[in-house]
Amino acid sequence: MELLLTDPLDMHLHLREGEMLRTVAPLSAKDFAAGVIMPNLQQPVDSLVRLLAYRDEVGKALSQYLFTPLMTLFFKNYSEKELLEARPHILGIKLYPAGITTQSESGVRDIRGAYKTFELLEELRIPLLVHGESNGFVMDREREFISVYQQVARDFPQLHLIMEHITTADAVRFLDSSDKVSATVTLHHLLITLDDVAGNMLEPDLFCKPIAKTPHDRETLRQAVFSGHPRLMFGSDSAPHPRHKKECCGCAAGIFSAPVALPLLAQMFEEQGCLDKLQGFVSDIAKQRYGLPEFGKTVRLSKENWKVPELYDTVRPFYAGQTLQWTATI
Ligand code: DOR
Ligand code: ZN
């Protein structure tokens, strides 16, 4: 069995820098036509100069591939001039609440204080991508943040607001109720629950932010995806960390899923009898929501077993050592 996907897109991706970038970026670029590149580097990508330098570094790592990095700027209060200059080079601005995840210390502490920039984003039609978690109890963080999404959607009705990596039934309910808002969902949140992370021996490779939630949450996300929700897009949130940052005291959050993303999605959609919905989920919905062009790449998914490597250099991938039923090639 074979399936051809047109322009698969990863709408939320961490490529990192330096050695790590050179290891992981080709694994995304092989399977995807484009990806939305997160700006939470050690020095956040929060100026056009930094963004262009980072895009160059990504481009060099990927010179062999047909892959477009869709760049994002780290949220801060930008002037209109800065936003106008950046606009041709970015897909959107990524907002992190301060300290909520990896490299987010310089994120936003006060949403009201960000309103001037939200107004500009709305006016200039620049999308706002949000890591939507409060700093409350870890299982409640996304639910608590929904009131912020609600407030921003109400106060800036023309702003394209994207709830990144949603993990809960509450987030799906909010998405259903608000046709201006879009969302991304990861592969891992469609597959695992908190039990997989901490129900038996602690599994550092499944520790991520937002933390995986309950079976009910996972089921609600799956139903939204498999039914072809018109505003829910695939974003892997593939977030590599070297072994020594995972197997240690103070394990870093992040699941490295890039090499297995398309094969596992195909497997999951096939099991659900809805392979016909995969093209929408990994490409068409995102193109429509963001107004993206055609990238002209076709990726072939074939029903052929392969074994996921234990390691890619220093990084352990999601499903390491397991045999997958689908293979992606161009
Ligand atoms: O698990 C995560 N890892 N969640 C994030 O939001 C950031 C990411 C990272 O950069 O490692
Ligand atoms: Zn992320």
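Residues numbered from 1 in each chain as written. Chains lettered and ligands numbered in written order. Predicted model: local features only at pLDDT ≥ 70, side-chain atom pairs only at ≥ 80, totals over all residues. Heavy atoms only, no water.

### Description of the site of ligand 1
Item 1. Among the 13 residues in the neighbourhood of ligand 1, the closest are listed as Arg16, Asn40, Lys209, His241 and Ala253.
Item 2. In this structure, Thr101 approaches ligand 1 through a side-chain N or O atom, which is 3.2 Å from an oxygen atom.
Item 3. At a separation of 3.3 Å, an oxygen atom of ligand 1 approaches a polar backbone atom of Gly254.
Item 4. Relative to its unbound accessible area of 290 Å², ligand 1 is 100% covered by the protein chains.
Item 5. A breakdown of the residues in the shell around ligand 1 according to their chemical character gives three nonpolar, seven polar and three charged. (Near = heavy atom within 4 Å. Polar contact = N/O pair within 3.5 Å; in protein donor to acceptor, adjacent residues only side chain to side chain. Areas by Shrake-Rupley, 256 points an atom, 1.4 Å probe, with all protein chains shown as cover. Nonpolar A, V, L, I, M, F, W, Y, C, P; charged D, E, K, R; others polar.)

### Remarks on helix α5 (residues 141-155)
Item 1. For α5, which comprises 15 residues, the first-to-last C-alpha distance of 22 Å matches the rise-based estimate of 21 Å (1.5 Å per residue) to within 8%.
Item 2. Along α5, the residues that are buried comprise Arg141, Glu142, Phe145, Ile146, Val148, Tyr149 and Val152.
Item 3. On its buried side, α5 packs onto α4 (115-124), β6 (128-130), β7 (161-163) and α6 (169-177). (Helix = DSSP H or I, 4+ residues; strand = E, 2+ residues; numbered from the N terminus. Expected span 1.5 Å × (residues − 1). Buried < 20%, exposed > 50% of the residue type's maximum accessible area, 1.4 Å probe, protein only. Contact = heavy atoms within 4.5 Å.)

### Topic: the nonpolar core
Item 1. Formed by 97 residues in total, the largest nonpolar core has its most connected members in Ile93, Phe118, Leu128, Leu265 and Leu278.
Item 2. It is helix α11 (residues 261-271) that contributes the most residues to this core, seven residues altogether.
Item 3. With sequence-adjacent residues up to four places away left out, Phe118 is seen in contact with Phe75, Leu95, Ile111, Leu128, Val152, Phe156 and Leu159.
Item 4. Within the second largest apolar cluster, 18 residues are counted, among which are Met11, Met38, Leu129 and Ala286. (Core = buried A, V, L, I, M, F, W, Y, C linked by side-chain atoms within 4.5 Å.)

### Observations regarding the coordination of the zinc ion (ligand 2)
For a metal with four tetrahedral donors the ideal donor-metal-donor angle is 109.5 degrees, while six octahedral donors give ideal angles of 90 or 180 degrees.
Item 1. Within the protein, the atoms that donate to the zinc ion (ligand 2) are His12 (NE2), His14 (NE2) and Asp237 (OD), at distances of 2.1 Å.
Item 2. We note that the donor set of the zinc ion (ligand 2) lies within a single chain, spaced as H-x1-H-x222-D. With His14 in the loop between β2 (9-13) and α1 (18-31) and Asp237 in the loop between β9 (232-234) and α10 (243-246), this residue pair connects regions lying 223 residues apart in the sequence.
Item 3. We classify His14 as buried; its relative accessible area is 8%. (Donors = N, O, S within 2.8 Å, 3.2 Å for Na, K, Ca; no water.)

### Structural notes on the sheet that holds strand β10 (residues 298-302)
Strand-to-strand pairing in sheets goes through backbone hydrogen bonds, with the strands running parallel or antiparallel.
Item 1. One open sheet accounts for three strands, arranged β1-β10-β13; its pairing is antiparallel. Either end of the sheet is taken by a strand with one partner, and the two such strands are β1 (2-6) and β13 (327-329). Taking the axes of each pair of neighbouring strands and ignoring which way they run, one obtains an average angle of 25 degrees across the sheet.
Item 2. The pairing of β10 with β13 spans three bridges and is antiparallel. When the sheet's bridge partners are listed, Leu301 is paired in β13 with Ala328.
Item 3. Against the sheet, α11 touches β1, β10 and β13, its axis set at about 55 degrees to β10.
Item 4. Packing against the sheet, helix α12 (residues 278-290) makes contact with β1 and β10, and its axis sits at approximately 20 degrees to β1. (Pairing = 2+ DSSP bridges. Axes fitted to C-alpha atoms, helices over the stretch in contact; angles between N-to-C directions.)

### Some details on the pairing of strand β8 (residues 182-185)
The side chains of a regular strand alternate, residue by residue, between the two faces of the sheet.
Item 1. Residues Ser182 and Thr184 line one face of β8 and the alternating positions Ala183 and Val185 line the opposite face, and both faces are buried.
Item 2. Taken together, the two bridges between β7 and β8 define a ladder with parallel strand orientation. For Ile162, the partnering residue across the bridge sits in β8 and is Ser182.
Item 3. As for the winding sense of the linkage, the β-α-β connection from β7 through α6 to β8 is right-handed.
Item 4. Where β8 and β9 come together, three bridges link them in parallel fashion. Following the sheet pairing, Thr184 is matched in β9 by Met233. (Right-handed = clockwise from strand over helix to strand, strands pointing away.)

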